[in-house]
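This is what each chain is made of:
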Amino acid sequence: MMARLRGRGEAAGARAVRDAVARIADAAEAAAADLSGIAVERDATSVTISARGLWQRRIDDARVRWLGAER
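Residues numbered from 1 in each chain as written. Predicted model: local features only at pLDDT ≥ 70, side-chain atom pairs only at ≥ 80, totals over all residues. Heavy atoms only, no water.

(A) Here's a closer look at the overall build of the chain. Within the chain, the secondary structure is distributed over three helices and two strands. Scanning the chain from its N terminus toward the C terminus, one meets helices and strands in the order α-β-β-α-α. The globule rule puts the C-alpha radius of gyration for 71 residues at 11 Å, and the 16 Å found for the chain is more than 25% above it. Along the first, second and third principal axes, the C-alpha atoms of the chain reach 55 × 20 × 20 Å. Contacts spanning at least 24 positions in sequence make up 39% of the contacts within the chain whose residues lie at least 6 apart. Roughly 5400 Å² of accessible area belongs to the chain as shown, and the carbon and sulfur atoms make up 55% of that amount. Of note, the chain has its 13 positive side-chain charges centred 6 Å away from the centre of its 10 negative side-chain charges. (Helix = DSSP H or I, 4+ residues; strand = E, 2+ residues; numbered from the N terminus. Rg over C-alpha atoms; globule rule 2.2 N^0.38 Å. Contact = heavy atoms within 4.5 Å. Areas by Shrake-Rupley, 256 points an atom, 1.4 Å probe, with all protein chains shown as cover. Lys, Arg positive; Asp, Glu negative; His and termini not counted. Charge placed at Lys NZ, Arg CZ, Asp CG, Glu CD.)

Next up, the structure:
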């Protein structure tokens, strides 16, 4: 009984992670479409935003600061 309950909890948690990663990746990809040279990579559990000089661009350009932020 406890193993079944734990399994259901783990499955629900995994679904929540997948949904959150998808939302964040979709927002990041939409924002990056307006910016040149920024790549967004996703897998089942993470989102990676990369670009040459990204940290400096983040300081200089407010659009990059909010890249990937959920709206």
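Picking up where we left off.
(B) Layout of the pairing of strand β1 (residues 39-42). Inspection of the sheet shows β1 paired to strand β2 (residues 47-50) by four bridges, in the antiparallel sense. Paired with Val40 across the bridge in β2 is Ile49. Taken together, β1 and the strand that follows it, β2, pair antiparallel across an intervening segment of four residues. (Pairing = 2+ DSSP bridges.)

(C) Region of interest: the environment of Arg57. Its place among the elements puts Arg57 in helix α2 (residues 54-60). According to the relative accessible area criterion, Arg57 is partly exposed, its value standing at 23%. Apart from residues lying up to four places away in sequence, Arg57 is in contact with Leu35, Ser36, Gly37, Ile38, Ala51, Arg52 and Val64. (Buried < 20%, exposed > 50% of the residue type's maximum accessible area, 1.4 Å probe, protein only.)

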